[in-house]
Amino acid sequence: MGFFDFMTEDIAIDLGTANTLIIHNDKVVIDSPSIVARDRVSGKIIAVGKEASMMQGKTHENIKTIRPLKDGVIADFDASEKMISLFIKSIPALKKRMFTPALRMVVCIPSGITEVEMRAVKESCERVNGKEVYLIHEPMAAAIGIGIDIMQPKGNMIVDIGGGTTEIAVIALGGIVCDKSVKIAGDVFTNDIVYYMRTQHNLFVGETTAEKIKIQIGAAIEDLETPPEDMSVQGRDLLTGKPKQVEVSYREIAKALDKSIQRIEDAVMETLSQTPPELAADIYNTGIYLAGGGSMLRGLDKRISQKTDLPVYIAEDPLRAVVRGTGMALKNITKFKSILIK
């Protein structure tokens, strides 16, 4: 076993709809968009991660960009496996090795995932040389990453807004007491913006541009204390067909995202209403923790706080909270044995 241990490398993966992060030796070594570009003729993968994401929406018919994950689960098995394998091969410390070492991995999965989808994640990992593959539920990983002691008999509420899904969970005693997984998250926000620009400004913008808008001036409420500057957005005019530019303010984006944010609020309210009274009492004192990229939407914390009358805290470095937690679970596999799914 000793020799095998020496041959084994530990990695923690947050396989997200929008971004994939990998931790190796307590460092985030991969932080890339979950996207691959494939040559249609040869079927070969020509780019992965940031490189492929720059191609998105700009390809000719010979190149196809694929996002292998949809709504937090694997939609394109082959592409996801190639993507994971390319990411692992590009980890600097593993590049030096002559052959791929056996891997012990912990991968996080959405809480609303089915058996079949779970097996797809597991098989993907086993095929890139994962000898021991553990799965961990995303809200759990987020809680560990935020720094909550999840083994305590105390209730904590986590809202993890990712790219494909929003995971809401109440956690106590190292388990998920009640949870809800809704498919309204970052991707839907981006599509809301595309739709809004199209209907209100007669401007056709691509997903990449819409995402830039979301990051630069996205907001959840129409009166921010420190509003971002208006943004110039370029796209194609739907009436004349010419390229054109319009100015967009954060208030418009808040309008565009309103309905989707309402649905996240409703899911939070529903989860609260299913919480056992003793845990509800805890949550009244501890409040709600936000993680994931969606939690960075300006004013979202305030909006959820107004809706629930609870204090809302955003995790530090919310984009990496989940992978940090996954990494911690990997380091203390014995301590967290109960929450890892073998």
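Residues numbered from 1 in each chain as written. Predicted model: local features only at pLDDT ≥ 70, side-chain atom pairs only at ≥ 80, totals over all residues. Heavy atoms only, no water.

- In the nomenclature of an unreviewed UniProt entry, the protein chain is known as Cell shape-determining protein MreB of Flavobacterium urumqiense.
- As stated in UniProt under Sequence similarities (unreviewed entry), the record for the protein chain gives "Belongs to the FtsA/MreB family."
- Its UniProt record, at the heading Function (unreviewed entry), says of the protein chain: "Forms membrane-associated dynamic filaments that are essential for cell shape determination. Acts by regulating cell wall synthesis and cell elongation, and thus cell shape. A feedback loop between cell geometry and MreB localization may maintain elongated cell shape by targeting cell wall growth to regions of negative cell wall curvature." (UniProt positions renumbered as here; feature names shortened; annotations may be inferred.)

As for helix α7 (residues 186-201)
And then number 1: The first and last C-alpha atoms of α7 sit 22 Å apart over 16 residues, in line with the 22 Å expected at 1.5 Å per residue.
And then number 2: Listed in full, the buried residues belonging to α7 are G186, F189, T190, D192, I193, V194, Y196, M197 and H201.
And then number 3: Elements that come into contact with the buried residues of α7 comprise β11 (156-161), β14 (203-204), α8 (207-217), β15 (231-237), β16 (243-248) and α9 (250-274).
And then number 4: Backbone geometry just after α7 places N202 at a positive phi near 50 degrees. (Helix = DSSP H or I, 4+ residues; strand = E, 2+ residues; numbered from the N terminus. Expected span 1.5 Å × (residues − 1). Buried < 20%, exposed > 50% of the residue type's maximum accessible area, 1.4 Å probe, protein only. Contact = heavy atoms within 4.5 Å.)

Remarks on the UniProt feature "binding site: ATP" (unreviewed entry) in the protein chain
And then number 1: This chain's UniProt record puts "binding site: ATP" (unreviewed entry) on T17, A18, N19, G163, G164, T165, E211, K212, I213 and K214.
And then number 2: Within the secondary structure, N19 sits in strand β2 (residues 19-24).
And then number 3: The contacts of N19, once residues within four sequence positions are left out, are D14, S32, P33 and S34.
And then number 4: Locating K212 in the fold gives a position in helix α8.
And then number 5: With relative accessibility at 52%, the residue K212 sits in the exposed group.

A closer look at the pairing of strand β4 (residues 36-39)
And then number 1: Here three bridges tie β4 to strand β5 (residues 45-48), and the two strands are oriented antiparallel to one another. Following the sheet pairing, R38 is matched in β5 by I45. (Pairing = 2+ DSSP bridges.)

Description of the sheet that holds strand β17 (residues 288-291)
And then number 1: Pairing in this open sheet of five strands is mixed, and the strands run β13-β12-β11-β17-β18 from one edge to the other. Unpaired on one side and paired on the other, β13 (175-182) and β18 (312-314) mark the two borders of the sheet. Within the sheet, the average angular offset between the axes of one strand and its neighbour, ignoring direction, is 20 degrees.
And then number 2: Taken together, the seven bridges between strand β12 (residues 166-172) and β13 define a ladder with antiparallel strand orientation. Bridge pairing in β13 places A169 opposite D179. (Axes fitted to C-alpha atoms, helices over the stretch in contact; angles between N-to-C directions.)

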